[in-house]
Amino acid sequence: MADHRPCTARNETPLERADRNFGELLQELRVTQTGVQILFAFLLTLAFTQRFPSLDTFQRATYVTTLLFAVLAAALFTAPAALHRSLFQRGAKARIVQVSSRLATIGMGVLVLAFTGSVLLVVDVTTDRAGGLAAGAATLLMCLGLWGLLPRLVLRAGRAEEHRAAQAQAQAQSHPAPGPTEREVIRPRAAVRPGASPREPSPRLR
């Protein structure tokens, strides 16, 4: 993602490509940070509710684990900004983009666990243990499917479409459409005026 290969598709230099990639990464982090902030605020206020002292050992362990996952996800998502600020104007933009992309990927995985734990805790408290485990497993599978499996399927479909287009182009180049032969070419005849007798063919054409 952040390498020094020439960028010809967008007609940009490696530094311009790094700037564009870092801007796109920041836009993605703004979306994920909103979810982390909402989840983190919910978990912090949950400890001060009247029903919190009545939680059993499993529910308290789930709460603490989920809270730590939320904190870790928030730290991972804000790390690119701190990394960029620490290495600002030091010629390390490509390396910053590469490390920030890895941090964001790890943060997405941690956020999946935080979502799973929060849903497990809420459903367990409101219904029962079996419902909480089922809801947590469903949340985990949904996030893994949308965030992990779906991008791979889209990439595979795009590659298959490109492969079919390349095969069709190669087949068209190897088997060009047949053109008209000399016998199939019809030459237009000279128009004959009304009442005029057709001319005798010249001796050269006899």
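Look up a bit, the structure's there.
Residues numbered from 1 in each chain as written. Predicted model: local features only at pLDDT ≥ 70, side-chain atom pairs only at ≥ 80, totals over all residues. Heavy atoms only, no water.

A. Focus on the overall build of the protein chain. Of regular secondary structure, the protein chain possesses four helices and zero strands. Counting from the amino terminus, helix and strand elements in the protein chain follow one another as α-α-α-α. When the 206 residues of the protein chain are sorted by exposure, 25% land in the buried category. Nonlocal contacts in the protein chain, meaning residues at least 24 apart in sequence, comprise 68% of its contacts between residues at least 6 apart. (Helix = DSSP H or I, 4+ residues; strand = E, 2+ residues; numbered from the N terminus. Buried < 20%, exposed > 50% of the residue type's maximum accessible area, 1.4 Å probe, protein only. Contact = heavy atoms within 4.5 Å.)

B. Highlighting the packing of helix H1 (residues 14-46) against helix H3 (residues 93-126). Packing of H1 against H3 leaves a shortest axis separation of 10 Å and a crossing angle of 25°. As the angle between them shows, H1 and H3 are arranged roughly parallel. As H1 packs across H3, the resulting crossing turns out to be left-handed. (Axes fitted to C-alpha atoms, helices over the stretch in contact; angles between N-to-C directions. Parallel < 35°, antiparallel > 145°, perpendicular 65-115°, else oblique. Left-handed = near helix turned anticlockwise from the far one by under 90°.)

C. A look at the pattern of salt bridges. Going through the model one piece at a time under the given rule, you end up with four salt bridges. Arg 20 serves as the salt-bridge partner of Glu 24, at 3.3 Å between the closest nitrogen and oxygen. Taken together, the residues Glu 24 and Arg 20, both in helix H1 and four residues apart, mark about one turn of the helix. A residue is classified by how much of its surface remains accessible, and Glu 24, at 39% relative accessible area, is partly exposed. (Salt bridge = Lys/Arg side-chain N within 4 Å of Asp/Glu carboxyl O.)

D. Just a nonpolar patch on the surface, in detail. Together, Met 142, Leu 146, Trp 147, Leu 150 and Val 154 make up an exposed nonpolar region whose accessible area comes to about 480 Å². Residue position: Leu 146 is located in helix H4 (residues 129-174). (Patch = residues over 30% accessible without salt bridge, like charges linked within 9 Å, V, L, I, M, F, W, Y side chains within 5 Å. Areas by Shrake-Rupley, 256 points an atom, 1.4 Å probe, with all protein chains shown as cover.)

E. Main features of H1. Here H1 is 33 residues long and its end C-alpha atoms lie 47 Å apart, about the 48 Å a rise of 1.5 Å per residue gives. Along H1, the residues that are buried comprise Ala 18, Asn 21, Phe 22, Leu 25, Leu 29, Thr 32, Val 36, Leu 39, Leu 43 and Leu 46. Contacts from the buried residues of H1 go to helix H2 (57-86) and H3. (Expected span 1.5 Å × (residues − 1).)

F. Spatial organisation of the environment of Val 112. Note that Val 112 resides in helix H3. When its relative accessible area of 6% is taken as the criterion, Val 112 is described as buried. Taking C-alpha positions, Val 112 is 8.2 Å from Thr 139, a pair spaced 27 residues apart along the chain. For Val 112, the contacting residues outside a window of four places in its chain are Leu 140, Cys 143 and Trp 147.

G. The arrangement of the side chain of Ser 100 in detail. By secondary structure assignment, the location of Ser 100 is in helix H3. On the basis of relative accessibility, which here comes to 0%, the residue Ser 100 falls in the buried class. If we ignore the near neighbours within four places in the chain, the residues touching Ser 100 are Phe 22, Leu 25, Pro 80 and Leu 83.

H. Looking closely at the packing of aromatic side chains. Applying the stated criterion across every chain, the model contains two aromatic pairs. Ring geometry for Phe 52 versus Tyr 63: centroids 5.1 Å apart, planes at 70°, classification edge-to-face. Of this pair, Phe 52 sits in the loop between H1 and H2 while Tyr 63 sits in helix H2, placing them 11 residues apart in sequence. Owing to a relative accessible area of 13%, Phe 52 belongs among the buried residues under this scheme. In this structure, Arg 85 packs its charged tip against the face of Phe 88, placed 4.8 Å from the ring centre. (Phe/Tyr/Trp six-rings, centres within 6.5 Å; stacked < 30°, edge-to-face > 60°. Lys NZ or Arg CZ within 6 Å of the ring centre and 35° of its normal.)

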